[in-house]
Amino acid sequence: MRFFLDTEFNGFGGELISIALVPEDESAVPFYSAVECKNPTSWVAEHIIPRLDVEQVTQSRLGDQFAAYLIDDPEPVLVADWPEDIAHAARLLVIGPGLMKPVRNIRFDLVDPSLVSSGTGSAVPHNAYHDALRLRADVLAYEKRMAP
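Just so you know, these numbers come straight off a predicted model, no measurement behind them.

A separate point is the pattern of salt bridges. For side chains bearing opposite charge, pairing can occur when the charged atoms are close. Applying the stated criterion across every chain, the model contains four salt bridges. Across the salt bridge formed by Arg-2 and Glu-24, the nearest N and O atoms sit 2.9 Å from each other. Taken together, the residues span a long stretch of sequence, with Arg-2 in strand β1 (residues 2-9) and Glu-24 in the loop between β2 (16-23) and β3 (31-35) at a distance of 22 residues. Here Arg-2 falls in the buried class, since its relative accessible area comes to 18%. Between Lys-101 and Asp-64 there is a salt bridge; the shortest N-O distance is 2.3 Å. Pair noted here: Lys-101 is in the loop between β7 (99-100) and β8 (107-110) and Asp-64 is in helix α2 (residues 59-70), with a separation of 37 residues, a long-range link. Look at Lys-101 and you get buried, because its relative accessible area is 11%.

Rules of the game
- Residues numbered from 1 in each chain as written.
- Predicted model: local features only at pLDDT ≥ 70, side-chain atom pairs only at ≥ 80, totals over all residues.
- Heavy atoms only, no water.
- Salt bridge = Lys/Arg side-chain N within 4 Å of Asp/Glu carboxyl O.
- Helix = DSSP H or I, 4+ residues; strand = E, 2+ residues; numbered from the N terminus.
- Buried < 20%, exposed > 50% of the residue type's maximum accessible area, 1.4 Å probe, protein only.

Shown next as structure tokens:
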């Protein structure tokens, strides 16, 4: 199944704060979790932290939750519109040198945001869950427009 991915992180190149996967199938349960950001940039403290709307867990717990969410899908495809979202998702699967969570056949699909964006922001900007919902809506609408 395809999952639409969004993350929030502590400034450019910063550590992960929150991650969301919204399934293409609207009847499927989405994934949304966050970790504590101990030293947020001022922009992050103002625009992201107040919008988390989820209990924060440890980085290790987040990795466990993320892998558990994906484990039953034999070929998950994570669709993102920013490379750093993919990097953060992939890092959650690493548990040590040469070791990763038991998720196999995962694929990442990076879409061009300028092509798929409706120009409409999410219902709650800078919230990974709401931004992933918007990404799903935009990509599916784009694909519908491009279908023969």
